[in-house]
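Working through the structure, step by step
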Amino acid sequence: MATEIKIVEEAKKPLSMHPKKFAMWLFIATVCMLFAAWTSAYIVKRAEAGWAEVIIPNQFLINTIIIVISSFTMAWAQWSARRDNLEMVKLAISITTILGISFLIGQWLAWKELVALNEHFTGGNVSHSFLYVLTGVHGAHIIGGVVFLLIVLFSTFKYQVHSKNMTRIELCSTFWHFLDVLWLYLFVFLVLNR
């Protein structure tokens, strides 16, 4: 009888982390390992003979500023949701979405800058292939982040995001901040390891 009561009590204990948050952290860990592998391969290949200096497009600095600002607007959205200020949540998520799209346009402009300098994905040297892969895969994740932002924005209009229902915006915020930090890592890594 005492064992049954103990089992029932244990079953009632709340989970220490929401399952969706746990899944998000697993996904983030996977992406971190992927980019760690690519940047490690970059360093190994860079040490080989014939490595050409990587040209960092000027647009990358502008993109870095855009993505840092988007982190602040995302934090503003989450802060507003905690205070049930849904109009500010809508505004902040909209601005974050516009900044995310601006970042993607900036990445496309950076690639155009590379092509104008005759630095292509494939060709005589592997150095710029790494640049395209690192920024391209990050860009693909940004596209996913923008879709997530639009889902949260739509949910806010349906009054599904508020102080008593923060899971969706917290997940979105975590993912968006992760993408921002990942870009900062990539930008600094590329600048220091041309």
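Scroll up to find the structure.
All values derive from a computational prediction rather than experimental measurement.

Digging into the overall build of the chain
On a plain count of helices and strands, the chain comes out with six helices and zero strands. Its C-alpha radius of gyration of 21 Å places the chain more than 25% over the 16 Å reference for a compact globule of 194 residues. With respect to the three principal axes, the spread of C-alpha positions in the chain is 75 × 45 × 20 Å. Counting over 194 residues, the chain shows a buried share of 40%.

Examining the packing of helix α5 (residues 127–157) against helix α6 (residues 167–192)
Running from N to C, α5 and α6 point in directions that differ by 160°, and their axes come no closer than 10 Å. With respect to their mutual orientation, α5 and α6 come out roughly antiparallel. With respect to the hand of their crossing, α5 and α6 are arranged in left-handed fashion. Its residues assigned to classes, the contact of α5 with α6 shows 18 nonpolar, six polar and one charged.

Examining the environment of H18
With respect to the secondary-structure elements, H18 resides in the loop between α1 (2–12) and α2 (19–46). With 149 residues separating them along the chain, H18 and T167 place their C-alpha atoms 8.2 Å apart.

A look at the nonpolar core
Among the nonpolar cores identified, the biggest contains 47 residues, and F60, M74, I93, I169 and L190 are the most heavily contacted of them. When residues of this core are traced back to their parent elements, those giving at least two are α2, α3 (59–82), α4 (86–116), α5 and α6. Ranked by residues supplied to this core, first place goes to α6 with 13 residues. For I93, the contacting residues outside a window of four places in its chain are M74, A77, L149, V152, L153 and I169.

Section: the packing of aromatic side chains
Using the criterion set out here, one finds nine aromatic pairs in the structure. On the numbers, 5.5 Å between centres and 90° between planes, the contact of F35 with W38 is edge-to-face. One end of the pair, F35, and the other, W38, are both in helix α2, three residues apart, so they sit about a helical turn from each other. Overall, W38 belongs to the partly exposed group, its relative accessible area being 24%. Pairing Y42 with F130 gives two aromatic rings, centres 5.5 Å apart and planes at 80°, and the pair type is edge-to-face.

Some details on α2
For α2, which comprises 28 residues, the first-to-last C-alpha distance of 40 Å matches the rise-based estimate of 40 Å (1.5 Å per residue) to within 8%. Every buried residue of α2 is listed here: M24, I28, V31, F35, T39 and Y42.

Quick notes on a nonpolar patch on the surface
Where nonpolar side chains cluster on the molecular surface, the patch consists of M17, F22, W25 and L26 and spans about 420 Å² of accessible area. When you line up the elements, F22 lands in helix α2.

Some details on the packing of α4 against α5
At a minimum axis distance of 9 Å, the contact between α4 and α5 shows a crossing angle of 160°. If you check the angle between α4 and α5, you find them roughly antiparallel. The hand of the α4/α5 crossing is left-handed. Grouping the amino acids of the contact of α4 with α5 by side-chain chemistry returns 19 nonpolar, 11 polar and one charged.

So, the pattern of salt bridges
With the rule as written, the count across this model stands at three salt bridges. Across the pair E87 and K90 runs a salt bridge, and its minimum N-O distance is 3.2 Å. Here E87 pairs with K90, and both are found in helix α4, just three residues apart, close to one helical turn.

Quick notes on the environment of H120
If you trace the backbone, H120 turns up in the loop between α4 and α5. Taking the C-alpha atoms as reference points, H120 and Y132, separated by 12 residues in sequence, lie 8.3 Å from one another. Dropping the residues within four chain positions of it, H120 is found in contact with V115, H128 and Y132.

Analysis parameters
- Residues numbered from 1 in each chain as written.
- Predicted model: local features only at pLDDT ≥ 70, side-chain atom pairs only at ≥ 80, totals over all residues.
- Heavy atoms only, no water.
- Helix = DSSP H or I, 4+ residues; strand = E, 2+ residues; numbered from the N terminus.
- Rg over C-alpha atoms; globule rule 2.2 N^0.38 Å.
- Buried < 20%, exposed > 50% of the residue type's maximum accessible area, 1.4 Å probe, protein only.
- Axes fitted to C-alpha atoms, helices over the stretch in contact; angles between N-to-C directions.
- Parallel < 35°, antiparallel > 145°, perpendicular 65-115°, else oblique.
- Left-handed = near helix turned anticlockwise from the far one by under 90°.
- Nonpolar A, V, L, I, M, F, W, Y, C, P; charged D, E, K, R; others polar.
- Core = buried A, V, L, I, M, F, W, Y, C linked by side-chain atoms within 4.5 Å.
- Contact = heavy atoms within 4.5 Å.
- Phe/Tyr/Trp six-rings, centres within 6.5 Å; stacked < 30°, edge-to-face > 60°.
- Expected span 1.5 Å × (residues − 1).
- Patch = residues over 30% accessible without salt bridge, like charges linked within 9 Å, V, L, I, M, F, W, Y side chains within 5 Å.
- Areas by Shrake-Rupley, 256 points an atom, 1.4 Å probe, with all protein chains shown as cover.
- Salt bridge = Lys/Arg side-chain N within 4 Å of Asp/Glu carboxyl O.

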